[in-house]
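# A closer look at the structure
The primary structure of each chain is shown beneath.
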Amino acid sequence: AGAGLGALPRSRCAGFPMKLLNHLVLGLPTVGVARATPALPGVVLIPRSDPAVLGEALRSLADDPRRLTSLSEDARAWARDHARWEAASRPV
C-alpha cells in the first residue's frame with residue numbers, strides 16, 4: 001500500500017501479467033521488460049531483464065517525482081477506462 005513504484009522483471013509472459021493490472025489500478029508506475037510487458041500508460045519499458053538495467057530505471061523514476069506523478073495519473077486513467085467488467089467483456 002505504501003509503494004511508490006513497481007517492477008515486473010520477468011523476461012517472458014504467456015498472457016497479460018495480472019500483477020501489472022493490479023499496479024495500474026493502484027496508479028503504481030511500473031518498470032517492465034519490453035518483450036514481456038505491454039506498452040501501456042504508466043509503464044516504463046526496459047530492453048532486457050537485467051538487474052542493473054532494472055535498478056537504473058527504478059532509481060531514475062524514484063528520483064523524478066514529477067514523472068512518477070504523471071505516470072501514476074496515466075496509469076489510473078487507463079485503468080479507469082479499461083480495467084472494468086464492461087470493457088473486459090466486450091468482444092475483441
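Residues numbered from 1 in each chain as written. Predicted model: local features only at pLDDT ≥ 70, side-chain atom pairs only at ≥ 80, totals over all residues. Heavy atoms only, no water.

Along the backbone of the chain there are four helices and three strands. Along the chain, helices and strands appear, N-terminal first, in the series β-α-β-β-α-α-α. Of all 92 residues assigned to the chain, the portion counted as buried reaches 34%. As displayed, the chain has an accessible area near 5900 Å², and 55% of this comes from carbon and sulfur atoms. (Helix = DSSP H or I, 4+ residues; strand = E, 2+ residues; numbered from the N terminus. Buried < 20%, exposed > 50% of the residue type's maximum accessible area, 1.4 Å probe, protein only. Areas by Shrake-Rupley, 256 points an atom, 1.4 Å probe, with all protein chains shown as cover.)

A word on the sheet that holds strand β1 (residues 6-8). One open sheet holds the three strands; their spatial order is β1-β2-β3, and the pairing between them is parallel. In this open sheet, the two edge strands, each paired with only one partner strand, are β1 and β3 (43-46). Neighbour to neighbour, the strand axes of the sheet diverge by 20 degrees on average, direction disregarded. Summarising the sheet, β1 and strand β2 (residues 30-33) pair through three bridges and their orientation is parallel. Bridged to L8 within β2 is G32. Helix α1 (residues 18-25) contacts β1, β2 and β3 of the sheet and is inclined by roughly 160 degrees relative to β1. (Pairing = 2+ DSSP bridges. Axes fitted to C-alpha atoms, helices over the stretch in contact; angles between N-to-C directions. Contact = heavy atoms within 4.5 Å.)

The next subject is α1. For α1, every residue scored as buried is listed here: L20, H23 and L24. Looking straight down α1, one finds that the buried residues subtend no more than 95 degrees of arc, so they occupy a single side. Of the residues flanking the end of α1, it is G27, one or two places downstream, whose phi is positive at about 75 degrees. (Arc of directions from axis to C-beta.)

All right, on to the nonpolar core then. Counting 10 residues, the largest nonpolar core consists of V31, V33, V44, I46, V53, L54, A57, L61, L68 and L71. Among the elements of the structure, β2, β3, α2 (51-62) and α3 (65-82) are those that each provide at least two residues to this core. Looking at this core, the element that brings in the most residues is α2, giving four residues. The contacts of L71, once residues within four sequence positions are left out, are P29, G42, V44 and L61. Within the second largest apolar cluster, eight residues are counted, among which are L8, L20, L40 and V43. (Core = buried A, V, L, I, M, F, W, Y, C linked by side-chain atoms within 4.5 Å.)

This part covers the pattern of salt bridges. Any two side chains of opposite charge can pair, on the condition that their charged atoms come close. Here the structure, examined in full by the defined rule, presents two salt bridges. D50 serves as the salt-bridge partner of R48, at 3.9 Å between the closest nitrogen and oxygen. R59 serves as the salt-bridge partner of E56, at 3.6 Å between the closest nitrogen and oxygen. Taken together, the positions of E56 and R59, both in helix α2 and three residues apart, correspond to about one turn of that helix. Looking at E56, the relative accessible area reads 43%, which means it is partly exposed. (Salt bridge = Lys/Arg side-chain N within 4 Å of Asp/Glu carboxyl O.)

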